[in-house]
Amino acid sequence: MKLSIIVPVYNVEKYIIKCIESLLVNETNDYEIIIVNDGTKDRSIELVNENFDDSRLRIIEQKNQGLSVARNTGVAVAQGEYLWFVDSDDWVEPNSVDTIVEALNDAKVNILYQSASLVYKNGIVSIDKRRACFGICTGAQLLLCACPTCAPFYIVERSFWHTHHFSFYPGILHEDNELMFKVIYKAQTIRSLERPLYYHNLREGSITQSFNPKRCYSLSIVCNSMYDFMKTEVKKEEKNIFVPYIIDAIYAMLDAAKDGDENIKRDINSFLVKNSCIASLLWKYGDIKAKIFYVACKLLIGKYVQTCALFRKIHS
């Protein structure tokens with residue numbers, strides 16, 4: 001079997017039918033769809049059972065443990081040569097699997113990358129215009145193209161995944177940020193598709209579209225994890241390629257924390273003061289704005305969150 005599509009399901013009864021329908025419109029049967037029921041509390045699984053009777057579908061049950069664990073569960077039972085993580089509130093172009101399987105049959109690669117169409121809550125659709133390295137490239141080369149973190153944009157070779165013992169970090173938000181840059185960097189062969197196949201639904205209330213205190217603490221874990229990976233796995237001459245993604249995570253953490261209460265602001269400031277090696281990346285590898293921001297934070301005795309809020313206000 002060429003492809004295993006892993007679809008975690010939790011309270012998505014408004015979206016699940018469209019998602020699964022889009023995945024079934026293909027000529028090839030050389031794939032499976034693994035629906036991981038992450039303890040959903042609505043009728044999502046009932047709707048799947050009522051609307052689909054297809055041998056390519058199978059449902060795995062687990063207690064609610066979050067998206068990361070649901071994806072890891074799907075990987076554990078997958079039989080395909082490649083893994084594709086599809087979010088249950090998104091959908092794909094008709095015959096997407098045909099296109100993917102054909103591309104994977106043409107060339108054996110660690111990762112197949114495909115860009116996406118971003119769907120905003122007002123219904124407007126825009127194509128992610130970040131450039132990619134067409135043909136075959138390495139992970140480091142793709143990272144130079146400012147590639148996104150979103151796991152569904154990547155179809156990953158299962159043997160490559162297991163060789164490097166990849167897994168999604170349990171219990172956090174932004175688990176894609178924590179893992180996917182590592183997956184990309186380790187890849188020696190990546191092929192990019194020119195046509196976007198995936199519709200990424202930026203719906204109101206989703207993790208990235210609303211304030212959640214857990215985001216701040218999750219992003220501190222992301223920063224720590226990425227920094228540790230850079231120290232142990234990234235070649236010295238390629239740190240300048242990898243570090244900008246850690247800097248982006250720092251800014252995302254600060255932007256999330258500035259809307260929080262005083263306890264959150266204190267905790268995130270303390271995190272960056274304690275982990276000065278992470279904060280100093282702003283000075284060592286950042287652009288001129290990052291360097292000015294870092295100096296301002298030092299002058300203001302480690303008030304990173306408040307300084308970030310001030311800089312955002314000045315530049316808005």
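Scroll up to find the structure.
Predicted, not measured: the structure shown is a model, and the values here were computed from it. (Residues numbered from 1 in each chain as written. Predicted model: local features only at pLDDT ≥ 70, side-chain atom pairs only at ≥ 80, totals over all residues. Heavy atoms only, no water.)

Engineer: Requested: an account of the pairing of strand 10 (residues 190–202), with residues and values cited.
Structural biologist: For strand 10, a buried count of ten out of 13 residues is recorded, marking the element as mostly surrounded by other parts of the structure. Across two bridges, the pairing between strand 5 (residues 91–92) and strand 10 is antiparallel. From the neighbouring strand, valine 92 faces strand 10, where its bridge partner is tyrosine 198. Bridging between strand 6 (residues 111–120) and strand 10 involves nine bridges; their strand directions are parallel. Bridging from a neighbouring strand, alanine 116 pairs with tyrosine 198 of strand 10. With two bridges connecting them, strand 8 (residues 136–137) and strand 10 associate as antiparallel partners. Counterpart to isoleucine 136 in the pairing with strand 10 is arginine 191. (Buried < 20%, exposed > 50% of the residue type's maximum accessible area, 1.4 Å probe, protein only. Helix = DSSP H or I, 4+ residues; strand = E, 2+ residues; numbered from the N terminus. Pairing = 2+ DSSP bridges.)

Engineer: Tell me about the packing of helix 13 (residues 288–299) against helix 14 (residues 304–315), residues and numbers included.
Structural biologist: Two elements in contact, helix 13 and helix 14, have axes separated by 9 Å at closest approach and are oriented at 130 degrees. As far as their axial angle goes, helix 14 and helix 13 are oblique. Where helix 13 crosses over helix 14, the two elements pack in a sense that is right-handed. Across the interface between the two elements, Ile292, Phe293, Tyr294, Ala296, Cys297 and Lys298 from helix 13 touch Tyr304, Thr307, Cys308 and Phe311 from helix 14. Each residue belonging to the contact of helix 13 with helix 14 can be placed in one class, and the counts come to eight nonpolar, one polar and one charged. (Axes fitted to C-alpha atoms, helices over the stretch in contact; angles between N-to-C directions. Parallel < 35°, antiparallel > 145°, perpendicular 65-115°, else oblique. Left-handed = near helix turned anticlockwise from the far one by under 90°. Contact = heavy atoms within 4.5 Å. Nonpolar A, V, L, I, M, F, W, Y, C, P; charged D, E, K, R; others polar.)

Engineer: Give me the lowdown on the packing of aromatic side chains, citing residues and values where you can.
Structural biologist: By the definition in use, this model includes 16 aromatic pairs. Where phenylalanine 85 meets tryptophan 161, the ring centres are 5.3 Å apart and the plane angle is 45 degrees; that geometry is what we call tilted. One end of the pair, phenylalanine 85, is in strand 4 (residues 82–85); the other, tryptophan 161, is in helix 6 (residues 158–163), with 76 residues separating them in the sequence. Neither residue differs from the other here; phenylalanine 85 and tryptophan 161 are each classed as buried. Residues tryptophan 91 and tyrosine 199 carry aromatic rings whose centres are separated by 5.4 Å and whose planes lie at 10 degrees to one another, so their mutual orientation is stacked. On the criterion of sequence distance, the pair formed by tryptophan 91 in strand 5 and tyrosine 199 in strand 10 is long-range, its members being 108 residues apart. In textbook terms, an aromatic cluster arises when at least three aromatic residues are bridged by ring pairs, as seen for Phe85, Phe160, Trp161, Phe166 and Phe168. In this structure, lysine 18 is placed above the aromatic ring of tryptophan 91, and the distance from its NZ or CZ to the ring centre is 3.6 Å. (Phe/Tyr/Trp six-rings, centres within 6.5 Å; stacked < 30°, edge-to-face > 60°. Lys NZ or Arg CZ within 6 Å of the ring centre and 35° of its normal.)

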